[in-house]
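# Structural characterization, general
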Amino acid sequence: MDDAAFVLKNDKSPWFKWLCQLRHLNTTVFLCLQIWKSINPSLKTQITSIHLFPGYSRQQVNYIYNQICVDMKF
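Cut-offs and rules
Residues numbered from 1 in each chain as written. Predicted model: local features only at pLDDT ≥ 70, side-chain atom pairs only at ≥ 80, totals over all residues. Heavy atoms only, no water. Helix = DSSP H or I, 4+ residues; strand = E, 2+ residues; numbered from the N terminus. Polar contact = N/O pair within 3.5 Å; in protein donor to acceptor, adjacent residues only side chain to side chain. Contact = heavy atoms within 4.5 Å. Buried < 20%, exposed > 50% of the residue type's maximum accessible area, 1.4 Å probe, protein only. Arc of directions from axis to C-beta.

### Quick look at the side chain of Lys-44
Position of Lys-44 among the secondary structure elements: in helix α3 (residues 41-44). A distance of 2.5 Å separates polar atoms of two side chains, one belonging to Lys-44 and the other to Gln-67. Excluding residues that lie within four positions of it along the chain, Lys-44 makes contacts with Trp-36, Lys-37, Ile-39 and Gln-67.

Right, here's the structure in full:
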């Protein structure tokens, strides 16, 4: 998880660029992250669906909900 967080923070990383390009190829990528803040904001804008597992506090869910562009009910 720590390595994935580092890759997603650095927008100059080849993995980050690869993830951004896959959206244009209609490719689905699943990421399992524990820390929402580790995702770069430009990558957050490309998210089309999100699944939250139990364990987040109401404050954390509110923070995530305010940053996504997905039409979902709180």
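### A word on helix α2 (residues 14-24)
Considered for burial, the residues of α2 that qualify are Phe-16, Leu-19, Cys-20 and Leu-22. With its buried residues spanning 155° around the axis, α2 presents them on a single face. For α2, the exposed residues set more than 90 degrees away from the buried face come down to Pro-14 and His-24. Asn-26, located one to two residues past α2, shows a positive phi value of around 55°.

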